[in-house]
Amino acid sequence: MTARIRVPRRGTGRPRTRPFVVLADRAYSSRAIRSHLRRRGIRAVIPQPSDQIGHRLRRGHRGGRPPGFDREVYKQRNTVERCINRLKQWRGLATRTDKLAIAYQAALHLAGILIWTRR
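Residues numbered from 1 in each chain as written. Predicted model: local features only at pLDDT ≥ 70, side-chain atom pairs only at ≥ 80, totals over all residues. Heavy atoms only, no water.

The name given to the protein in an unreviewed UniProt entry is Transposase DDE domain-containing protein, with Streptomyces spororaveus as the source organism.

What follows is the structure, given as structure tokens:
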């Protein structure tokens, strides 16, 4: 389903299929994930867990510099998390009882419309 994501560009050109920024929580703060995103040219906004900070500091100058972190951009993640939690209240979406992707996508659209109209 992610292969179908296309964000049109302003003006001309082919649509964008890769994000500019990835917002993730501390569980996705591994060196492998960060290097994969860096290779693909995607900015990572992921806080560093305290144990990784301590390990880096213990290594001294060989520990490298801390990764960049934009606190204001990270706050936008809260909005997405709240939306996902609201969608999980719909049992069919949370348990993925629909076998066909089109039926699941229709249920997702319906739940989104109903949540939006209740605001």
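Q: Break down the overall build of the protein for me, with residues and values.
A: Each helix and strand in the protein was counted, giving 6 helices and 2 strands. Taken from the N to the C terminus, the helices and strands of the protein come in the order β-α-β-α-α-α-α-α. Here the C-alpha radius of gyration of the protein, 19 Å, is well above what a compact globule of 119 residues would show, namely 14 Å. If one aligns the C-alpha atoms of the protein with their principal axes, the spans along those axes are about 55 × 40 × 30 Å. Counting every position in the protein, which comprises 119 residues, the buried fraction comes to 18%. In the protein, the proportion of contacts linking residues at least 24 apart, taken out of those at least 6 apart, comes to 32%. Separation between the mean location of the 30 positive side-chain charges and that of the 6 negative ones in the protein comes to 7 Å. (Helix = DSSP H or I, 4+ residues; strand = E, 2+ residues; numbered from the N terminus. Rg over C-alpha atoms; globule rule 2.2 N^0.38 Å. Buried < 20%, exposed > 50% of the residue type's maximum accessible area, 1.4 Å probe, protein only. Contact = heavy atoms within 4.5 Å. Lys, Arg positive; Asp, Glu negative; His and termini not counted. Charge placed at Lys NZ, Arg CZ, Asp CG, Glu CD.)

Q: Please set out a positive patch on the surface residue by residue, giving values where relevant.
A: Positive charge collects at one region of the surface, where R6, R9, R14, R18 and R40 lie side by side. Mapping R40 onto the fold places it in the loop between α1 (31-39) and β2 (43-45). (Patch = residues over 30% accessible without salt bridge, like charges linked within 9 Å, V, L, I, M, F, W, Y side chains within 5 Å. Areas by Shrake-Rupley, 256 points an atom, 1.4 Å probe, with all protein chains shown as cover. Salt bridge = Lys/Arg side-chain N within 4 Å of Asp/Glu carboxyl O.)

Q: Please set out the pattern of salt bridges residue by residue, giving values where relevant.
A: Following the criterion strictly, the structure yields 4 salt bridges and no others. The partner of R77 in a salt bridge is D25, and the shortest N-O contact between them spans 3.7 Å. Here R77, found in helix α4 (residues 77-88), pairs with D25, found in the loop between β1 (21-23) and α1; they are 52 residues apart in sequence, far enough to count as distant. Exposure remark for R77: the relative accessible area of 17% places this residue in the buried category.

Q: Which residues make up the packing of aromatic side chains, and what values do they have?
A: Throughout the structure, instances matching the rule amount to 1 aromatic pair. On the basis of an interplanar angle of 55° and a centroid distance of 5.4 Å, the ring pair of F69 and Y74 is categorised as tilted. The residue whose ring lies beneath R16 is F20, and the NZ or CZ to ring-centre distance is 4.0 Å. (Phe/Tyr/Trp six-rings, centres within 6.5 Å; stacked < 30°, edge-to-face > 60°. Lys NZ or Arg CZ within 6 Å of the ring centre and 35° of its normal.)

Q: Tell me about unusual backbone geometry, residues and numbers included.
A: Note: most residues except glycine have negative phi, and most peptide bonds are trans. Positioned with a positive phi, R96 is a non-glycine residue whose angle comes to about 55°. Its location among the elements puts R96 in the loop between α5 (91-95) and α6 (101-118). Classification of R96 as partly exposed rests on a relative accessible area of 42%.

Q: Which residues make up the side chain of R56, and what are the values?
A: Positionally, R56 belongs in helix α2 (residues 50-58). At 10 Å, D51 is the nearest oppositely charged side chain to R56, a buried residue that forms no salt bridge. Residue contacts for R56: discarding those within four places in its chain leaves Q48, G63, G64, R65 and P66.

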